[in-house]
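Overview (structure and organization)
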Amino acid sequence: MITHVVLFKLLPGFTADSAPVQAFHAAMLELPGKIPLIKSWSCGFNTVPDAQAAHYVLVAGFESQADLFAYFEHPAHVAAVCCLDGAAELLFGDIAA
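Here the structure is a predicted model, which is why all the values come from computation and not from measurement.

**Section: the pairing of strand S3 (residues 56-62)**
- Most of S3 is tucked away, with five of its seven residues classed as buried.
- Bridge count between strand S1 (residues 2-10) and S3: seven bridges; the pairing is antiparallel. Its bridge partner lying in S3, isoleucine 2 is registered against phenylalanine 62.
- Where strand S2 (residues 38-45) and S3 come together, seven bridges link them in antiparallel fashion. Looking at the pairing, cysteine 43 lines up with leucine 58 of S3.

**Regarding the packing of helix H2 (residues 65-73) against helix H3 (residues 75-82)**
- Orientation of H2 relative to H3, taken along the N-to-C sense of each, is 60°, at an axis distance of 5 Å. With respect to each other, H2 and H3 are oriented oblique. Here Tyr71, Phe72 and Glu73 of H2 come into contact with H3, specifically with Pro75, His77 and Val78.
- Partitioned by chemical class, the residues of the contact of H2 with H3 number four nonpolar, one polar and one charged.

**Observations regarding H3**
- What H3 keeps buried is the set Ala76, His77 and Ala80. Viewed along the axis of H3, the buried residues span an arc of 100°, placing them on a single side of the element.
- Residues of H3 that are buried sit in contact with helix H1 (19-34) and H2.

The rules we used
- Residues numbered from 1 in each chain as written.
- Predicted model: local features only at pLDDT ≥ 70, side-chain atom pairs only at ≥ 80, totals over all residues.
- Heavy atoms only, no water.
- Buried < 20%, exposed > 50% of the residue type's maximum accessible area, 1.4 Å probe, protein only.
- Helix = DSSP H or I, 4+ residues; strand = E, 2+ residues; numbered from the N terminus.
- Pairing = 2+ DSSP bridges.
- Axes fitted to C-alpha atoms, helices over the stretch in contact; angles between N-to-C directions.
- Parallel < 35°, antiparallel > 145°, perpendicular 65-115°, else oblique.
- Contact = heavy atoms within 4.5 Å.
- Nonpolar A, V, L, I, M, F, W, Y, C, P; charged D, E, K, R; others polar.
- Arc of directions from axis to C-beta.

Nothing here speaks to function; it is all geometry.
Here it is, written out as structure tokens:
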């Protein structure tokens, strides 16, 4: 099992209510229904107000690294991430259990 964790930090001028951020969130909520390789999925806006905190968090599970890489290439995933072009920076990490 691979756990994929992504932290999104919105750039100045963008908030959770900004149109591209809302479009991104809506697309993220739909991904488990569009990509069968996803085995577990939790995403949403951070609830702790802190300057060092990420604004949006994703924790996802995949059976294998091959499934994770296929997810990266899936058109629905690519489209979701494109919603945030110019609106956020991201960091991610993956761990095998």
